[in-house]
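The primary structure of each chain is shown beneath.
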Amino acid sequence: SEQQQQPQKVDNKVAEDGAENMGLPALLGNCFFFMNCLCTSLYVILSKPALQVYPSLFVTAWSYNIAALFMALAAWLAAQFDDFMNLICPDCGGNIWKIPP
């Protein structure tokens, strides 16, 4: 007689780590992605008049410099607030400048 194979049980850890159970980090990730798309589209729309007056390298250089200032501000703010730091990098162990393995 043939033996019927029993379906294997799904490990609870796998089910807990699924995308549907990510909660706040997934929601924030989606919000940040939406903001990225919105800001990129605004950049394209708002840079068009500047590109009619200034060369493209000049407009791009200014936009990168402004973006670098915002990134420096974001890094400084992340380093100031432990709760925000732990939200961004829970594996960093309290040190925002540590790169987790």
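Calculation notes
Residues numbered from 1 in each chain as written. Predicted model: local features only at pLDDT ≥ 70, side-chain atom pairs only at ≥ 80, totals over all residues. Heavy atoms only, no water. pLDDT = per-residue confidence, 0-100. Contact = heavy atoms within 4.5 Å. Helix = DSSP H or I, 4+ residues; strand = E, 2+ residues; numbered from the N terminus. Expected span 1.5 Å × (residues − 1). Bend = angle between axes of the 7 residues up to and from the residue. Phe/Tyr/Trp six-rings, centres within 6.5 Å; stacked < 30°, edge-to-face > 60°. Disulfide = S-S within 2.5 Å. Buried < 20%, exposed > 50% of the residue type's maximum accessible area, 1.4 Å probe, protein only.

## As for the confidence of the model for the protein
Part 1 of the argument: Summing up the model confidence of the protein, the mean pLDDT is 79 and the portion of residues at 70 or higher is 78%.
Part 2 of the argument: Here residues 8-17 scores under 50 on pLDDT; set against residues more than four positions off or in separate chains, the count is three contacts.

## Brief notes about helix H2 (residues 24-53)
Part 1 of the argument: A rise of 1.5 Å per residue sets the reference length of H2, with its 30 residues, at 44 Å; its end C-alpha atoms lie 44 Å apart and thus fit the reference within 8%.
Part 2 of the argument: The axis of H2 is deflected most strongly, by about 40°, at Ser47, and proline Pro49 appears within four residues downstream.

## Looking at the packing of aromatic side chains
Part 1 of the argument: All chains considered together, the criterion is met by two aromatic pairs.
Part 2 of the argument: Each ring, one from Tyr54 and one from Phe58, has its centre 5.0 Å from the other, and the planes form 35°; the classification is tilted.
Part 3 of the argument: Geometrically, the ring pair formed by Phe58 and Trp62 is edge-to-face, given 6.3 Å between the ring centres and 65° between the ring planes. Taken together, the positions of Phe58 and Trp62, both in helix H3 (residues 56-80) and four residues apart, correspond to about one turn of that helix.

## What to know about the state of the cysteines
Part 1 of the argument: Inspection of every chain in the model, using the stated rule, returns zero disulfides.
Part 2 of the argument: With no disulfide of its own, Cys39 lies closest to Cys37 among cysteine sulfurs, the gap being 9.6 Å.

## Focus on H3
Part 1 of the argument: Across its 25 residues, H3 extends 36 Å between first and last C-alpha, which sits within 8% of the 36 Å expected from 1.5 Å per residue.
Part 2 of the argument: All of the buried residues along H3 are Val59, Ser63 and Ala78.
Part 3 of the argument: Residues of H3 that are buried in the fold lie against H2 and helix H4 (82-88).

## What about the environment of Asn86?
Part 1 of the argument: Within the secondary structure, Asn86 sits in helix H4.
Part 2 of the argument: On the basis of relative accessibility, which here comes to 38%, the residue Asn86 falls in the partly exposed class.
Part 3 of the argument: It is 8.4 Å that separates the C-alpha atoms of Asn86 and Ile96, two residues lying 10 residues apart in sequence.

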